[in-house]
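Letter by letter, the chains look like this.
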Amino acid sequence: IEHNDQKEMLQSLFAETTRFGKLGSVKCSVAGRTAYLRVRCTTGDAMGMNMVGKGVNRIIEHLVNIVPGMELVALSGNTCTDKKPSAVNWIE
């Protein structure tokens, strides 16, 4: 997220779904016509995958509504690092 107003808007959307989770950053990678979002969050004392999933889903719902032609194909994909080791975590 490059602009503070966009970051604050996404953080606000994420916060609608949780009292404890906080959206840290969102990075977008584009491959052809597909965009992959990498989302960083804090979840307090919880492992928080459900918390993160709900918050990210809220952000995606909003983006689908405001971006013409955009559709959600999958909420999780091969860039997901939930419960598995991934070099992308060391790189990022």
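Please refer to the structure higher up on the page.
The structure contained in this document is the topic of the report that follows. (Residues numbered from 1 in each chain as written. Predicted model: local features only at pLDDT ≥ 70, side-chain atom pairs only at ≥ 80, totals over all residues. Heavy atoms only, no water.)

**Description of the overall build of the protein**
Here's step 1: Across its full length, the protein holds three helices and two strands.
Here's step 2: Each helix and strand of the protein, ordered N terminal to C terminal, gives the series α-β-β-α-α.
Here's step 3: In the protein, which comprises 92 residues, the proportion classed as buried is 18%.
Here's step 4: Across the protein, the fraction of contacts at a sequence separation of at least 24, relative to all contacts at a separation of at least 6, is 40%.
Here's step 5: Total accessible area on the protein stands at roughly 7000 Å², and carbon and sulfur atoms take up 52% of it. (Helix = DSSP H or I, 4+ residues; strand = E, 2+ residues; numbered from the N terminus. Buried < 20%, exposed > 50% of the residue type's maximum accessible area, 1.4 Å probe, protein only. Contact = heavy atoms within 4.5 Å. Areas by Shrake-Rupley, 256 points an atom, 1.4 Å probe, with all protein chains shown as cover.)

**Considerations on the side chain of T43**
Here's step 1: Note on placement: T43 falls in the loop between β2 (34–42) and α2 (49–66).
Here's step 2: A relative accessible area of 12% places T43 in the buried class.
Here's step 3: Within the local environment of T43, its side chain forms a polar contact with the backbone oxygen of A46, the two atoms lying 2.7 Å apart.
Here's step 4: Discounting residues that sit within four places of it in the chain, T43 has contacts with F20, G21, G48, M51 and V52. (Polar contact = N/O pair within 3.5 Å; in protein donor to acceptor, adjacent residues only side chain to side chain.)

**With respect to the pairing of β2**
Here's step 1: Alignment of strand β1 (residues 22–31) against β2, held across nine bridges, turns out to be antiparallel. Each residue of the ladder has a partner; that of S25, found in β2, is R40.
Here's step 2: Hairpin connection from β1 to β2: two residues lie between these consecutive antiparallel strands, with G32 at a positive phi of about 65°. (Pairing = 2+ DSSP bridges.)

**A look at the packing of helix α1 (residues 4–15) against α2**
When two helices pack together, you describe them by how their axes are tilted relative to each other and by the distance separating the axes.
Here's step 1: At their nearest, the axes of α1 and α2 sit 8 Å apart, and the two run at 125° to each other. Between α1 and α2, the interaxial angle falls into the category oblique. Handedness of the α1/α2 crossing: right-handed. Contact residues: M9, L10, L13 and F14 in α1; M51, V52, G55, V56, R58, I59 and H62 in α2.
Here's step 2: In terms of residue class, the contact of α1 with α2 is made up of eight nonpolar, two polar and one charged. (Axes fitted to C-alpha atoms, helices over the stretch in contact; angles between N-to-C directions. Parallel < 35°, antiparallel > 145°, perpendicular 65-115°, else oblique. Left-handed = near helix turned anticlockwise from the far one by under 90°. Nonpolar A, V, L, I, M, F, W, Y, C, P; charged D, E, K, R; others polar.)

**Here we look at the nonpolar core**
Here's step 1: Core analysis: the largest hydrophobic core is formed by 10 residues, namely L10, L13, F14, L23, V26, V52, V56, I59, I60 and L63.
Here's step 2: Where this core is concerned, the elements lending two or more residues are α1, β1 and α2.
Here's step 3: When residues in this core are grouped by element, the largest group, five residues, is from α2. (Core = buried A, V, L, I, M, F, W, Y, C linked by side-chain atoms within 4.5 Å.)

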